[in-house]
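Chain and residue survey
Listed here are the chains, written in short residue letters.
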Amino acid sequence: MTTLLTILTPGFADWETALLNAGAREYYRLDTRFATPGGEPVTSAGGLRVAPQVAIEEIDPSDYDALLVNGGSIWQQPDAPDLTKLLQSAQAAGVVIGGICDGVIPLARAGVLDDRRHTANGPESLPQTGYGGGAFFVGSPRAVLDRGIITAPGTAPVSFMGAVMEALGLRTGDLDFYLGLYAAEHQAA
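Attention here is on the structure that accompanies the text. (Residues numbered from 1 in each chain as written. Predicted model: local features only at pLDDT ≥ 70, side-chain atom pairs only at ≥ 80, totals over all residues. Heavy atoms only, no water.)

A count of helices and strands for the chain gives five helices and nine strands. Taking 2.2 N^0.38 as the reference for a compact globule, 189 residues should give roughly 16 Å; the C-alpha atoms of the chain span a radius of gyration of 15 Å, in line with that estimate. Expressed as lengths along the three principal axes of its C-alpha atoms, the size of the chain is roughly 45 × 35 × 35 Å. Buried residues in the chain amount to 51% of all 189 residues. In the chain, 61% of the contacts between residues at least 6 apart in sequence involve partners at least 24 apart. Accessible surface, the chain as shown: approximately 8800 Å² in total, 50% of it carbon and sulfur. Where the 11 positive side-chain charges of the chain centre and where its 21 negative ones centre are 3 Å apart. (Helix = DSSP H or I, 4+ residues; strand = E, 2+ residues; numbered from the N terminus. Rg over C-alpha atoms; globule rule 2.2 N^0.38 Å. Buried < 20%, exposed > 50% of the residue type's maximum accessible area, 1.4 Å probe, protein only. Contact = heavy atoms within 4.5 Å. Areas by Shrake-Rupley, 256 points an atom, 1.4 Å probe, with all protein chains shown as cover. Lys, Arg positive; Asp, Glu negative; His and termini not counted. Charge placed at Lys NZ, Arg CZ, Asp CG, Glu CD.)

This paragraph deals with the packing of helix H4 (residues 157-167) against helix H5 (residues 173-183). Following both chains from N to C, one finds H4 and H5 inclined at 170°, their axes separated by 10 Å at the closest point. If you check the angle between H4 and H5, you find them roughly antiparallel. Packed against H4, whose contacting residues are Val-158, Met-161, Gly-162 and Met-165, the element H5 presents Leu-175, Tyr-178, Leu-179 and Tyr-182 at the interface. When its residues are assigned to classes, the contact of H4 with H5 shows seven nonpolar, one polar and no charged. (Axes fitted to C-alpha atoms, helices over the stretch in contact; angles between N-to-C directions. Parallel < 35°, antiparallel > 145°, perpendicular 65-115°, else oblique. Nonpolar A, V, L, I, M, F, W, Y, C, P; charged D, E, K, R; others polar.)

Moving on, we come to H4. With eight of 11 residues buried, H4 is to be regarded as a mostly interior element. When H4 is considered as a whole, its buried residues turn out to be Pro-157, Ser-159, Phe-160, Met-161, Gly-162, Ala-163, Val-164 and Met-165. Phi turns positive, to about 80°, at Gly-169, one or two residues after H4.

Another point: the pattern of salt bridges. Counted under the stated rule, the structure contains seven salt bridges. By sharing partners, the salt bridges in this structure join Arg-25, Glu-26 and Arg-29 into a single network. (Salt bridge = Lys/Arg side-chain N within 4 Å of Asp/Glu carboxyl O.)

Those residues of helix H2 (residues 84-92) lying buried are Leu-86, Leu-87 and Ala-90. Looking straight down H2, one finds its buried side chains confined to an arc of 90°; they lie on one side. The exposed set on the far side of H2, more than 90 degrees from its buried face, consists of Lys-85 and Ala-92. With its phi angle positive at about 80°, Gly-94 sits one or two positions after the end of H2. (Arc of directions from axis to C-beta.)

To continue, consider the pairing of strand E9 (residues 149-152). Side chains of E9 alternate between two faces, with Ile-149 and Thr-151 and Ile-150 and Ala-152 buried alike. Judged from the three bridges that link them, strand E8 (residues 144-146) and E9 form a sheet pairing that is antiparallel. Bridging across to E9, Val-144 finds its partner in Thr-151. Between E8 and E9, which pair antiparallel and follow one another directly, the connecting turn spans two residues, one of which, Arg-147, has a positive phi of 50°. (Pairing = 2+ DSSP bridges.)

In structure tokens:
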């Protein structure tokens, strides 16, 4: 069974992976799991309390088909969890990797964006990471998928979901219809 693991931290942005995880679980019948620092429950920016299945420190990337980093202000802090070894191992194992909003920052720190097209909340959000992928940055309001790595600004949860499903080989007319439902409010009347 295809398994997605979403990394959540205290104060995570509820909306960024909610549609992805709900659609994956209910519509696609995929296994959705969550990891947090120390395996402790975390509370989102909106007050949603989540009890994870695994601690970030115990993640074995080979157990998952996709490893997703949810955004939150913690990623801008010096004491943010260090995901470098985890993300590099996941990339080496061919696991789909995604980051949305400030969840792109640990991908940049790990070097997984150094040779792939990517986006983020803005180019100014990544230079402090020490990454070498500046030439591959795309200023896009939508998610960017490049060879199994998905990045998105925090305002793009719908296209992030679509890109993750596409990277997993699940892009079909059904997915396009589903994405259209959630994008309809953004269409000109």
